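Each chain, letter by letter, is given below.
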Amino acid sequence: MGEEEAFLNSKEKPLSRSASHASDELHSFRSWLRWLCVDQSKAWTTCLSWFVFILFAIVVPGLSHFLLACSDCDNKHSRPFDMVVQLSLSSLATLSFLSLTQFVRKYGLRRFLFFDKLCDESETVRTGYTRQLNRSLYILFVFVLPCFAAECAYKIWWYSSGFTRIPFLGNVMVSDTVACFLELCSWLYRTVVFFLVCVLFRLICHLQILRLQDFAQVFQVNSDVESVLREHLRVRRHLRIISHRYRPFILCSLIIVTASQFTSLLMTTRASSNADIDIFKAGELALCSVSVLAGLLILLRSATRITHKAQAVTCLAAKWHACATIDSFDSAEVDTPAVSRMPSSQPAACRESSSFSDELSDGDDVGDEEDELDNTLIIPAYAFSTTISFQKRQALVTYFENNRAGITVYGFMLDRTSLHTIFGIELSLVLWLLGKTIFIS
């Protein structure tokens, strides 16, 4: 009894985080997080993370907007859209930082990225996920660095033109250099934090795609219905966990980006009737729009992709059930000697698999859409067993049809239909706004 009570009491205690070491697969990733000042694994890194966030996401943008308004500048150096840019980037950076803080503090980095579950996966899934983790930061900077280079060129031109009057330092050159450096660091920090959370969501979705592709192999071997159902329930549970963790971030990001873009459209269309809009005035606004839209597209594409792959399991199970049913009927209706059946061990309906595969390789390009989950290849006869009854296979297919898995946002499935709905609503709002500003009917 004493050992049982000690075990139950130990389960009530919070799990301690594992320390990172040189052989840890997250060692290099934690180092990058430390360099980006978003690591909160220790007390001093947490304080540093919050200090950098307050400085670059709140203080510097506020000082930049109110002290560098430059109301008496010429047309090229005026910044009429600076408030929209600062509010958009700071709002998304605040949302991303708070979400990342909650994720790491509540779950820990290893548990949040599902590395604690990799021990139950195959070697293919583990290798593919680790490789994708190492590519995540590369993908992050592929999106951020081009926009940051353009932002640097714009800021350097704006400050070097000599139209600034910065009151906090006496020397003009030093003041311009410090202000330009702080503004560029603020823009880079806010953009990187937003893209980091988006790329982490893409990474987690990629893990589930690898698991689904590995799960599709159960239909290529002689598996029983119960094992298939248990594995699918495990995948579905992980998708529900991801949806529960990320749904506030996805919804708030969609709202903030939509509000930002419509405010930008309203200000530019109204200003076009009074003054000319050129690259000098609206260049920074265009960079901001490209950055936030790219991050939102990463979120929506990752969610719809994993939802499409998860729902493709239904088609694969139905094809598996159809081939097994046809094979069982062929075996019952056709009484053929064993010798005559030796050259072809596949059912009559599936015997054309090899010739069908030859037709596919004759030059018909189907693109990169086909994989283990979604393809047009017939399942070979050795992949199913006639010992599995028709009722069990039909029950499994019915379960897949009525329990579609995927990423949801408060009950709404993020699939291609949802993207079409979002696009239709956004387009309607754009046309309505243009009708109010420049009278498009």
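Look up: the structure comes first, before these words.
Residues numbered from 1 in each chain as written. Predicted model: local features only at pLDDT ≥ 70, side-chain atom pairs only at ≥ 80, totals over all residues. Heavy atoms only, no water.

Asker: Where do I start with the overall build of the chain in this structure?
Answerer: Helix and strand counts for the chain stand at 12 helices and 2 strands. Across the chain, helices and strands are ordered from the amino to the carboxyl terminus as α-α-α-α-α-α-α-α-α-α-α-β-β-α. Here the chain holds 441 residues, and 44% of them are scored as buried. For the chain, restricting intrachain contacts to residue pairs at least 6 apart in sequence, the fraction spanning at least 24 positions comes to 83%. Carbon and sulfur atoms form 62% of the exposed surface of the chain, whose accessible area is close to 23,700 Å². (Helix = DSSP H or I, 4+ residues; strand = E, 2+ residues; numbered from the N terminus. Buried < 20%, exposed > 50% of the residue type's maximum accessible area, 1.4 Å probe, protein only. Contact = heavy atoms within 4.5 Å. Areas by Shrake-Rupley, 256 points an atom, 1.4 Å probe, with all protein chains shown as cover.)

Asker: Would you mind showing me how to read the pattern of salt bridges here?
Answerer: Think of it this way: side chains of opposite charge can pair up when their charged atoms draw near. Per the stated rule, a full pass over the model turns up 8 salt bridges. Taking the shortest distance from any N to any O, the salt bridge between Glu-121 and Arg-211 comes out at 2.9 Å. Taken together, the residues Glu-121 in the loop between α5 (109-112) and α6 (123-160) and Arg-211 in helix α7 (residues 172-215) connect sequence positions 90 residues apart. When sorted by exposure, Glu-121 lands in the same class as Arg-211, which is buried. Linking Glu-183 and Lys-155 is a salt bridge whose minimum nitrogen-to-oxygen distance equals 3.0 Å. Here Lys-155 lies in helix α6 and Glu-183 lies in helix α7, a separation of 28 residues in the sequence. Beyond isolated ion pairs, a larger network of salt bridges with shared partners links Glu-121, Arg-211, Glu-231 and Arg-234. (Salt bridge = Lys/Arg side-chain N within 4 Å of Asp/Glu carboxyl O.)

Asker: Please clarify how a nonpolar patch on the surface should be interpreted in this entry.
Answerer: Side chains of Ile-54, Ile-58, Val-59, Leu-63, Phe-66 and Leu-67 sit close together on the surface and give an oily, nonpolar patch of about 570 Å² of accessible area. Counting through the fold element by element, Phe-66 comes out in helix α3 (residues 43-67). When its relative accessible area of 68% is taken as the criterion, Phe-66 is described as exposed. (Patch = residues over 30% accessible without salt bridge, like charges linked within 9 Å, V, L, I, M, F, W, Y side chains within 5 Å.)

Asker: Mind showing me how you'd approach the nonpolar core here?
Answerer: When a protein is soluble and globular, its nonpolar side chains tend to lie buried together. One finds Leu-113 and Tyr-246 to be the most contacted residues of the largest nonpolar core, which totals 100 residues. Ranked by residue count, the leading element in this core is α7, at 23 residues. Ignoring any residue separated from it by four or fewer positions in sequence, one finds Tyr-246 in contact with Phe-103, Phe-112, Val-197, Leu-200, Phe-201 and Ile-204. (Core = buried A, V, L, I, M, F, W, Y, C linked by side-chain atoms within 4.5 Å.)

Asker: Explain the packing of aromatic side chains to me, please; I cannot follow it from the model alone.
Answerer: Think of a pair of aromatic rings as described by two things: how far the centres are apart, and how the planes are tilted against each other in angle. Taken as a whole and judged by the stated rule, the model has 18 aromatic pairs. A centroid spacing of 6.1 Å and a plane angle of 45 degrees characterise the contact between Phe-56 and Tyr-189, whose relative ring orientation is tilted. A residue pair is termed long-range when its members are at least 10 positions apart, and Phe-56 in helix α3 and Tyr-189 in helix α7 qualify at 133 residues. Across this residue pair, the class does not change: Phe-56 and Tyr-189 are buried. Taking the centre distance of 5.2 Å and the plane angle of 80 degrees together, the rings of Trp-158 and Tyr-159 count as edge-to-face. The exposure class of Tyr-159 is buried, given its relative accessible area of 4%. Between the NZ or CZ atom of Arg-245 and the centre of the ring of Tyr-107, over which it lies, the distance is 4.0 Å. (Phe/Tyr/Trp six-rings, centres within 6.5 Å; stacked < 30°, edge-to-face > 60°. Lys NZ or Arg CZ within 6 Å of the ring centre and 35° of its normal.)

Everything listed here is a matter of geometry and, on its own, says nothing about what the molecule does.
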